[in-house]
Amino acid sequence: MTVGLEFDQLQSSADALRRSISNRLMYGVGKDAVTARPQDWLHAAALAVRDRLVQRWMVTTRRQYDQDAKRVYYLSMEFLIGRTFSNALLALGIYDQMKEALADVGIDMESLIDLEPDAALGNGGLGRLAACFLDSMATLGIPGFGYGIRYDYGMFRQRIVNGEQVEAPDYWLHAGNPWEFPRPEVQYPVHFGGRTVQRDDHVEWIDTQHVNAMAYDTVIPGYATDATNTLRLWSARADEELDLSAFNKGDYQGAVETRNESENVSRLLYPDDSTMAGRELRLRQEYFFVSATMQDLIRRYLRTHSTFGRFSEKVAVHLNDTHPVLAIPELLRLLVDVHHLPWAEAMGHIRRVFSYTNHTLMPEALETWDLELLARLLPRHLQIIFDINAAFLTEASDQGAHDLDLIRRISLVDEFGHRRVRMAYLAIVASHTVNGVSKLHSQLMQRDIFADFARLYPERFTNVTNGITPRRWLAQANPPLARLIDESVGTNWRRDLLELRGLRNLRGDAAFEAAFHAAKRCNKVRLVQRLTQRTGIAFDPDALFDMQVKRIHEYKRQLLNVLHVIVRYNRIRENPQSDWVPRVVLFAGKAASAYRMAKTIIKLINDVAEKVNSDPAVGGRLKVVFVPNYGVSVAELMIPAADLSEQISTAGTEASGTGNMKLALNGALTIGTLDGANIEIGESVGPEHIFIFGHTSDQVDALRASGYRPRQIYEDNAELRTALDQIRTGFFSPGDPARFLDIFHSLVDWGDHYLVMADFAAFIAAQEEVDRRFVDVAGWTASAIENVAGVGQFSSDRAISEYASDIWRVKPLDMG
Ligand code: 26Q
């Protein structure tokens, strides 16, 4: 006779938490108060929090089964989660209690929080978007699963040595990861190589090598709800059987060596430099994780269904860019070759379950894979892609596309030069919906890169403007402002960000404006303290904090920002007596390790910083700071302290941007081009509260078409010429005068592809306007408040609601 399991009901009080932490420290970590290091306390506290999440997790999972809910599978090569500890505390509503519990045992929670390494399994915007979406899906009760790769090494850590970027590996798991549950019982084989043979009624893929994908699960808590979701990440495990046969042949070392090699597939995150590199291991990664994911979702579906008849009613698969697009041929292969569905039926399921988000318009960044590589690594999938292509081209011809040139243009196989498969086209052809990430981006996507497809399938294309989670980017990152907003419009903005509109009722309320200004100042002081600690640089919290924080890339135009800094510096030196508005220009961001120009830009920023910061004539009225190792946690520290948000990409290049939303939500005013989501931000906050400058995307096209001549601008604009000559002649790099020649030439002589020169004068003028506005403290604060009040629609909750109703057709779980 059994009596069944009994669990402790875990409470939220400080006392209950203290007891949990004690138990977890003793029985989970194996330490007591005498031997525990801060790391051990964090681990114990994290486990105490995780225990409280697990209860909710079980409830949600049970409800999903009981309600036979449709599930969303969000496939992404990147999840830029950052830290989990305080995020989970806020979701559970036990932040203060935990603080008290830890204080009771003599531990300062704030310093524990800083010990947690970021889960930096992403490069930038696309990866962070996936993390914000997980947060929103859980909060809204959408049954959603994130699927990706558990990289051993996340985004590299950046140090700045002599002004240059130095990369160090990010072995984020070194102290163990208290948030994940290893699932050794959930493993799938993933095959590579081999060949295909045609049997009577089906194809077999044989003589392959394989590696196992093992699942690691992380609970994703919803905010103030019992609903949770799961992030399932795959890690490569060499197959045991493979070892056995090698051992039996007596080759012990050889067996262990191949083990290591096959496990490389989940070793590291590839850095993005926005050009397609075509590395074989990257292709292996992409296939590895989608194969495991498709096997897993089929198994989950078949647990409660005996046929595939209701597959598309129960499953939605979303592709975060083309990186997971091999999920399409993989699911077809599994349905046709393994589950023996007729091709047409399988194809019907595919078209009803897949949707795809595009994140870039830049042709050089669109994924294509060499046909020979695909043939060698994934021969069966290549056949399937050919079959999809043949059916698609036939369908297109039936619809009147007889033009041979058109057929060549839309073919999934690029026949020009080395034959390659165009992954975006595969995604479009096999998906029911394709979306861009801002209004402008979605328009240009249909007008330019996917024009032929938008004509063939106009109903397939749509827009869902990106969003960010207010839980992390306001409640967690900016406690002073969050508290003030709570006191002013209540606390429900965490779940309905449009409630921030209520702040407009406080227009002209001097006390509120003063409190708002004080909250901003508090964040600026916090940033100064932390940076002074870390880098030794001191600066004035009352100066204008001007921030450009994002990946370093030519299209984002950090160079335009640097040119403004140089011009300002020259003006101050020429006119030292003038009352210059004190400014701190902060940069942060990583350059892809192979992207030479981006690394040179970092060096230039640091060389300019050294010159400007040490010049007594400047007298501290201009400072330039490069903050190392930008990532989620550094962003949480920096963004709340910004006065000015630099969003200055060449119009038509930044698909959306999400940093722009985070900064506006934290009360920074944007200086920006009419690019990506800047346009919608401007419409929401009002033209008086944003500084728009520069060529529009149409003007960019026209300028390029009419023959752009950057050297002419160099010759005509004396201030610009001076600044560029300083760069060219080593004014900022006296020890190595030729250091920045390439930068000079790229702007003046090699075409200035991103139109830095064309937007220079307008940018300087806009910066002058910024100065004039900033000295009016009340006016500036009022505009900052308008920004906070106006950006409610950029919540990822709004974005996810749109995906759920218009694309995935899923409803929130009934949580009873
Ligand atoms: C591809 C192939 C091989 C190696 C790396 C990659 C790769 C990795 C990451 C390509 C692209 C990325 C990331 C792209 C990205 O972050 N895009 C950004 O997505 C944001 C969310 O939609 C937008 O807001 C930004 O505008 C967009 O740049």
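One can find the structure itself at the top, above this paragraph.
Everything quoted here is computed from the prediction, not taken from an experiment.

Visitor: So what about the site of the ligand? Which residues, and what values?
Guide: Not every one of the 17 residues close to the ligand is listed here, only the nearest: Leu126, His359, Asn466, Glu654 and Gly657. Tyr555 places a polar side-chain atom, nitrogen or oxygen, 3.3 Å from an oxygen atom of the ligand. Within the backbone of Ala655, an N or O atom sits 3.3 Å from an oxygen atom of the ligand. If the ligand stood free it would expose 620 Å²; the protein chains cover 89% of that surface. Element by element, the count of residues in the shell around the ligand is highest for helix α6 (residues 125-140), at 3 residues. Taken together, the residues of the shell around the ligand break down into 5 nonpolar, 8 polar and 4 charged.

Visitor: Which residues make up the packing of helix α9 (residues 280-304) against helix α11 (residues 327-338), and what are the values?
Guide: Relative to each other, α9 and α11 sit at 45°, their axes nearing to 9 Å. In terms of their interaxial angle, α9 and α11 are classed as oblique. For α9 against α11, the interelement crossing comes out right-handed. On α11, the residues touching Tyr287, Val290, Ser291, Met294, Gln295 and Ile298 of α9 are Ala327, Glu330, Leu331, Arg333, Leu334 and Leu335. Split by residue class, the contact of α9 with α11 holds 8 nonpolar, 2 polar and 2 charged.

Visitor: How would you summarise helix α14 (residues 379-398) if you had to cite specific residues and measurements?
Guide: Taking 1.5 Å of rise per residue, 20 residues should cover 28 Å, and α14 covers 29 Å from first to last C-alpha, within 8% of that figure. All of the buried residues along α14 are Pro379, Arg380, His381, Leu382, Ile384, Ile385, Ile388, Asn389, Phe392, Leu393 and Ala396. One or two steps after α14, the chain reaches Gly400, where phi turns positive at roughly 100°.

Visitor: Give a description of the pairing of strand β9 (residues 203-206) that names residues and reports values.
Guide: Relative to β9, strand β8 (residues 195-198) runs antiparallel, the two being bridged by 4 bridges. In the sheet register, Gln198 faces β9, and the bridge partner there is Val203. In this structure, the hairpin formed by β8 and β9 is closed by a connection of 4 residues.

Visitor: Requested: an account of the pattern of salt bridges, with residues and values cited.
Guide: Using the criterion set out here, one finds 60 salt bridges in the structure. Salt-bridge contacts for Lys99 lead to Glu110; the nearest nitrogen and oxygen are separated by 3.1 Å. Residue Lys99 is found in helix α4 (residues 95-104), and its partner Glu110 is found in helix α5 (residues 109-113); the two are separated by 11 residues along the sequence. You can call Glu110 partly exposed: its relative accessible area is 34%.

Visitor: If you had to explain the sheet that holds strand β17 (residues 433-436) to someone new, which residues and values would you point to?
Guide: As summarised here, the arrangement of the 9 strands in space is β7-β10-β11-β4-β1-β12-β13-β17-β18, forming an open sheet in which the pairing is mixed. Either end of the sheet is taken by a strand with one partner, and the two such strands are β7 (180-192) and β18 (461-463). Each adjacent strand pair in this sheet contributes to an overall mean axis angle of 25°, direction not counted. As defined by bridge partners, strand β10 (residues 209-221) adjoins strand β11 (residues 228-237) across 10 bridges and the pair is classed as antiparallel. Within β11, the position partnered with Asp217 by the bridge is Arg232. Relative to strand β13 (residues 354-357), helix α12 (residues 343-353) is tilted by about 45°, and along the sheet it contacts β12 (315-320) and β13.

Visitor: Now, about empty space enclosed by the protein: what can you tell me, with residues and values included?
Guide: By the definition in use, this model includes 5 cavities of 30 Å³ or more. Within this model, the largest cavity holds a volume of roughly 490 Å³. In terms of lining, the largest cavity is formed by 35 residues, of which the most central are Ile81, Gly82, Thr84, Glu116 and Trp179. Elements that contribute at least two residues to the lining of the largest cavity include exactly α2 (38-66), β2 (79-82), β3 (119-121), α6, β10 and β11. If one sorts the elements of the lining of the largest cavity by residue count, β10 sits on top with 5 residues. Taken together, the residues of the lining of the largest cavity break down into 19 nonpolar, 9 polar and 7 charged. In this structure, the second largest cavity occupies an estimated 70 Å³ of space. Taken together, Asp68, Ala69, Arg71, Tyr73, Leu297, Arg300, Tyr301, Thr304, His305, Lys314 and Val315 make up the lining of the second largest cavity. Looking at the lining of the second largest cavity, the elements that each hand over two or more residues are β1 (71-75) and α9. Among the elements that take part in the lining of the second largest cavity, α9 stands out by supplying 4 residues, more than any other.

The rules we used
- Residues numbered from 1 in each chain as written.
- Predicted model: local features only at pLDDT ≥ 70, side-chain atom pairs only at ≥ 80, totals over all residues.
- Heavy atoms only, no water.
- Near = heavy atom within 4 Å.
- Polar contact = N/O pair within 3.5 Å; in protein donor to acceptor, adjacent residues only side chain to side chain.
- Areas by Shrake-Rupley, 256 points an atom, 1.4 Å probe, with all protein chains shown as cover.
- Helix = DSSP H or I, 4+ residues; strand = E, 2+ residues; numbered from the N terminus.
- Nonpolar A, V, L, I, M, F, W, Y, C, P; charged D, E, K, R; others polar.
- Axes fitted to C-alpha atoms, helices over the stretch in contact; angles between N-to-C directions.
- Parallel < 35°, antiparallel > 145°, perpendicular 65-115°, else oblique.
- Left-handed = near helix turned anticlockwise from the far one by under 90°.
- Contact = heavy atoms within 4.5 Å.
- Expected span 1.5 Å × (residues − 1).
- Buried < 20%, exposed > 50% of the residue type's maximum accessible area, 1.4 Å probe, protein only.
- Pairing = 2+ DSSP bridges.
- Salt bridge = Lys/Arg side-chain N within 4 Å of Asp/Glu carboxyl O.
- 1 Å grid on protein atoms, 1.4 Å probe; cavity = no way out; pocket = protein on both sides within 12 Å on 5 of 7 lines; lining within 4 Å.
- Points joined across faces, edges and corners; volume = space filled by probe spheres on them.

It is worth stressing that arrangement in space is one thing and function is another; only the former is reported here.
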